[in-house]
Amino acid sequence: MFPEYDVIVVGAGHAGCEAAASAANLGSKVLLVTTNLQTIAQMSCNPAMGGIAKGQIIREIDAMGGYSGIVTDKSMIQFRMLNRSKGPAMWSPRAQNDRMLFSATWREMLENTPNVDFYQDTVHSIIITGDRVCGVITGLGNKIRSSSVIITSGTFLNGIIHIGEKQFGGGRVAEKAAHGITEQLVEFGFESSRLKTGTPPRVDSRSLDYSKMEEQKGDEEIVGFSYLDFKKINPAKQKSCFISYTNTQVHDILRTGFDKSPMFQGRIEGVGPRYCPSIEDKINRFSERERHQLFVEPEGWNTVEIYVNGFSSSLPEYVQFQALRSVVGFENCKFFRPGYAIEYDYFPPTQLKHTLETKLLGGLFFAGQINGTTGYEEAACQGLMAGINAHQKSKNLEPVILKRSDAYIGVLIDDLISKGTEEPYRMFTSRAEFRTLLRQDNADLRLTELSYRLGLASQERMDAVLAKKSNTEKIKVALLNLNIEPEEINPYLNSIDSTILLEKQRAAKIILRPNVSLQSLLENIPSVSASLSSYSKQCIEQAEIQVKYERYIEKEKELVVRMSQLEELIIPDSFDYNKVSALSNEALQKFKRIKPRTLGQASRISGVNPSDVQILMIFMGR
Amino acid sequence: MLGKLSNWDDTIVALSTPQGIGAIGVIRISGDKAIEVINEMFPSKNLQEQASHTLHVGFLKNGNEVLDEVVISLFKSPKSYTGENVIEISCHGSPFIQEKIIQAIISKGVRMAKAGEFTQRAFLKGKLDLTQAEAVADLIASNTEASKNAALKNMRGGFSNSLHQLREQLIQFSAMIELELDFSQEDVVFADRKKFQELISTLHQNTKRLLQSFALGNVIKNGVQVAIIGKPNAGKSTLLNTLLNENRAIVSEIAGTTRDTIEEILNIDGVLFRLIDTAGIRHHTKDSIENFGIERSLEKMHQADVVIYLFDVNEIDANELKKREDELIQNNITYLLAGNKMDLDESFSKEKFSSFHNIIFISAKNNSFIDQLKKSLVNVAVKGDLNTESIVITNTRHFEALQKLNIALQDVQKGLDENIPADLLALDIRQCLYYLGSITGEVTNEDQLDYIFSKFCIGK
């Protein structure tokens, strides 16, 4: 019934969909297997993509030729560029999305991708021959063969849902959990553990009083996520979010449910994310705070369903309901469904290689929550990389690994593989040592060419990058050559309280001033607009960032060079650490378990001292 | 995180012989700038023009100050241990002199080498093959272990507390900046710039204080400061000469400029003693202690770690000595009473001073009981708990790291003054964390996140 595939992707969430897309676009024959084909690419939690660090990741996925950026652009109902007041490395795109449109757009894009087959069934086990995986076995008993398998199980592996004292199996509310894979892999020698996450209640928009809340509108300009140029939504039509707050009365009501809380009563064993606490956790840990912010987020264009961001809870549903009704604007609120907590299996990611292939089983790849991460963007980028590497593996091609200085994706995977994680891992910009280089405005300049050479990013993308590069250079040259006379610019400088010029100065120098932007010069100084008017806004912004922040960008580039020397020293797979008697015991254990790929990675493993790395280097030979 | 291992395109320096006082010590410098830097300090010859594998004798100077008379071995890249330009300075075996030389070299932009770094470079430049490298690996391991122990020893007491405090403050500062960046959308109160100014100036002050504590307080770096005081004609000059003449072996006969800065260093049982105000004693200058009464020379005495109160046994009685001793005790001064000229009167008896404890009797002129004086000096000054060997080197590392931290903090301060965006400020703060991390252990992103999550209610 089934042909032999190059790659089978198990699960069709953000990781699974990107994995199927990248492997298929590279030319692999792909099967996407999932329990329910009606729920692919679900936004199981909040209906939003991007945000700080996460927005940068979507831009990187897009630059590599993944789909998340396009899908987000096509299904957004609101766009904001966060952190505009900070330096450009912090600018972070974020969108509210139409949940159903998001899912439908993903399915449509995958259906239009050659080489992707679909099949609805639950995978119960994988087929293992020796130390290689060579297919999957489904609940219906189908054996499907492939040279690689990518597991993207999300919260479905042995998922248990908690609402107050009730608990039941499930991978998402109203969806069955999956069993079998964890047990089989543990039997084979894998280590697995439990994590926990949660989601807030959904309510009926018609039951809320928005006049009592603060409105949060979208930006006037929609930058979007994809570097491909297509029509964005009309900014005037964006949907607003609203802000309200809990109060002491709400907190008192919530406390009445603490004796039934699965978290406080110890029924939940999995570790939850510290930065994504439930409302009961917030009032418990920060009892001095009299209110907590809630975001009222619409779930789409054509629905009244509302996501109550900030009110994640696993207290009994009637406690959630009563408490929420004491929030200003929620007095008459009607529930669509209560919040809940969910526990699920993950496999500590130190068991993976940088390709996301498991060390124990050749051809078996993991991506997303199974690796201990949280977030759509974190999952999607792992899916992308697992898809690429599963393809490379099945075609006997070189692995593709992004460095920490290439992309947030590189930081994320290297962190997972080198340090592991004990709570759901989320990306923060502070995790990247080269934050100034890894910006949302230059992901295409960083990654598209690499992906194009692989055969993933399209010609159209590559052409756009080349044009952007050359135009940016032209603008930089123009800025260096354009001398602005005092009489032309001084009235403007006066108006913004900036020191006036006494003699003419190059435009490139003037835009180094902190309160002068190139955009404002374009609008106010005729000679600037005359020489730059033919360029796109995107290129002008790019040139400005490169000129204005050159000192910092160069500083980080030097650090990259410094670090890269260690990154280029590869440790052979066969290296025998036991021979190195001088290593500290802790380092020895960690090296043997994690098997660092390079000396650079070895130096980042927690508990490893510089001296351990030096000793290693000497023994390693080159 | 930033370059946990250092780059190897810069120039490094370290003491290559074991710590402590031997006849000579070898300081090794490796890197592109090795020859250039030492050439600046070596006026006798232009080293840049000399052939590889040659020896050169001369004075090593830091500006006008002569540091030591040394032998320089010159190895030009690639024919050297590390494959880079290498200079080995053979100097006198005093930790103080070695320390001064290393400090001077560091001040010219050379970095203190980490344990095993010369070997690491040799390996990277392909100068060592695997078998050779294996042989030195054990050595490196033991060095590392030793430096670990040394660091631990150094970390006892107040120094450790200050560093710990500094680390906490820096983590707090960086976490508050990161809070603004990663959690700008959260409903938390962000610190204003004034708060940052306060924090950074506290950090700056604490760093400077630590730096100064090296300059002033460290017995090993500066030696034990000794003042010889006493009435005119008690025999101070004679004692001084006797003590110094004993030590010609380690003190170069250097004429002129530096006589007063280096020469008055005594090495007794591996402990360095610096005799202060010796110029005053020798030249009977106007402001020498000699011309003050003991009351008026209190200031000088307070500078000293140990005071030798020298008196003429034939001139002073027990009552008067008791008065002097009481003054020393009142002023909380560590002292040694030394009765001189015991040879003048053959019937001299120690009996009349039998009520004193910290007392010895000598004849400076006849060199009698000078060894006993020295032994007493060591006992009084060191109280038997000084590990000279390890503290020197770790201090140099710490000193260097703190100096770099100090400079990096200035960058942060400048950024704050110019009101640059917080993410760029964070770039400079990461440098600070890196330098402090080299003393206190690495400060990771997790340390910052721990701080943020423990202090602020984050998350929707």
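Scroll up to find the structure this text is about.
Being a predicted model, the structure only gives us computed values, none of them experimental.

What counts and what doesn't
- Residues numbered from 1 in each chain as written.
- Chains lettered and ligands numbered in written order.
- Predicted model: local features only at pLDDT ≥ 70, side-chain atom pairs only at ≥ 80, totals over all residues.
- Helix = DSSP H or I, 4+ residues; strand = E, 2+ residues; numbered from the N terminus.
- Rg over C-alpha atoms; globule rule 2.2 N^0.38 Å.
- Contact = placed C-beta atoms within 7 Å.
- Pairing = 2+ DSSP bridges.
- Axes fitted to C-alpha atoms, helices over the stretch in contact; angles between N-to-C directions.
- Buried ≥ 20, exposed ≤ 12 C-beta atoms within 10 Å, placed from the backbone.
- Parallel < 35°, antiparallel > 145°, perpendicular 65-115°, else oblique.
- Nonpolar A, V, L, I, M, F, W, Y, C, P; charged D, E, K, R; others polar.
- Expected span 1.5 Å × (residues − 1).
- Arc of directions from axis to C-beta.
- Core = buried A, V, L, I, M, F, W, Y, C linked by C-beta atoms within 7 Å.

Undergrad: Help me understand the overall build of chain A in this model?
TA: The secondary structure content of chain A amounts to 21 helices and 22 strands. The globule rule puts the C-alpha radius of gyration for 622 residues at 25 Å, and the 26 Å found for chain A is close to it. Counting only C-alpha atoms, chain A reaches 80 × 70 × 50 Å along its principal axes. Within chain A, contacts between residues at least 6 apart in sequence are counted, and of these 73% link residues at least 24 apart.

Undergrad: Please explain the sheet that holds strand S16 (residues 293-298) of chain A as it appears in this structure.
TA: The strands making up a sheet associate through hydrogen bonds between their backbones, and the pairing can be parallel or antiparallel. All names here are of chain A. As summarised here, the arrangement of the six strands in space is S14-S15-S16-S17-S13-S18, forming an open sheet in which the pairing is antiparallel. Only two strands of the sheet have a single neighbouring strand rather than two, namely strand S14 (214-216) and strand S18 (335-337). Across the sheet, the axes of successive neighbouring strands diverge by a mean angle of 35°, strand direction being ignored. Looking at chain direction, strand S13 (residues 202-204) and strand S17 (residues 305-309) are connected through three bridges and run antiparallel.

Undergrad: Explain the pairing of strand S2 (residues 30-34) of chain A here, please?
TA: Two faces make up the sheet, and in a regular strand the side chains alternate between them. Residue and element names in this part refer to chain A. The buried count for S2 comes to five of five residues, which makes it a mostly enclosed element. In terms of strand pairing, strand S1 (residues 5-10) meets S2 through four bridges, oriented parallel. Looking at the pairing, Val7 lines up with Val30 of S2. As paired elements, S2 and strand S6 (residues 116-120) share five bridges and run parallel to each other. Within the sheet, the bridge partner assigned to Leu31 lies in S6 and is Asp117.

Undergrad: Please explain the sheet that holds strand S3 (residues 48-50) of chain A as it appears in this structure.
TA: Residue and element names in this part refer to chain A. Within the open sheet, the three strands sit side by side as S3-S5-S4. Their pairing is antiparallel. A strand with exactly one partner marks an edge of an open sheet, and here the two such strands are S3 and strand S4 (76-82). Taken pair by pair, the neighbouring strands of this sheet meet at an average axis angle of 20°, ignoring direction. Two strands pair when backbone bridges link them, and S4 and strand S5 (residues 92-97) are joined in this way by six bridges, in the antiparallel orientation. What sits directly across from Leu82, in S5, is Ser92.

Undergrad: Explanation requested: the packing of helix H9 (residues 376-394) of chain A against helix H10 (residues 408-419) of chain A in the structure shown.
TA: How two helices pack is summed up by the angle between their axes together with the distance between the axes. All names here are of chain A. Between H9 and H10, the least distance of the axes is 10 Å, while the angle of their chain directions is 90°. Taken together, the axes of H9 and H10 are roughly perpendicular relative to one another. Every residue of H10 that contacts H9 at Glu378, Cys381 and Met385 is listed here: Ile409, Leu412 and Ile413. Within the contact of H9 with H10, the residues separate by chemical class into five nonpolar, no polar and one charged.

Undergrad: What exactly am I supposed to notice about helix H11 (residues 443-454) of chain A here?
TA: Three- or four-residue spacings in an α-helix give side chains the same orientation, since the helix completes a turn every 3.6 residues. Residue and element names in this part refer to chain A. Helix length check: H11, at twelve residues, gives a terminal C-alpha distance of 17 Å against a target of 16 Å (1.5 Å per residue), a fit within 8%. Within the span of H11, buried status applies to Ala443, Asp444, Arg446, Leu447, Thr448 and Ser451. Each buried residue of H11 sits inside an arc of 160° when the element is viewed along its axis, so together they form one side. Taken together, the buried residues of H11 touch helix H2 (54-63) and helix H12 (459-481). Backbone geometry just after H11 places Gly455 at a positive phi near 100°.

Undergrad: Is there a simple way to think about the nonpolar core in this case?
TA: Nonpolar side chains tend to gather and get buried jointly when the protein is soluble and globular. If you look at the biggest cluster of nonpolar residues, it comprises 124 residues, and the most contacted ones within it are Ile8, Ala20, Val30, Ile150 and Tyr408 of chain A. The greatest single-element share of this core, amounting to nine residues, is contributed by H9 of chain A. Contact partners of Tyr408 of chain A, with chain neighbours within four places excluded, come to Ala53, Gln56, Ile57, Glu60, Met427, Ala432 and Leu438 of chain A. Ranked by size, the runner-up nonpolar core spans 40 residues in total, among them Tyr275 of chain A together with Leu203, Val412 and Ala422 of chain B.

Undergrad: Is there a simple way to think about unusual backbone geometry in this case?
TA: With the exception of glycine, most residues fall at negative phi, and the peptide bonds are largely trans. Residue Pro78 of chain B follows Ser77 of chain B across a cis peptide bond; omega there is 5°. For Pro78 of chain B, the position within the fold is in the loop between strand S4 (65-75) and strand S5 (86-92). Phi is positive for Asn396 of chain A, close to 55°, though the residue is something other than glycine. With respect to the helices and strands, Asn396 of chain A occurs in the loop between H9 and H10. We note that His53 of chain B has phi near 60°; this positive angle belongs to a residue other than glycine.

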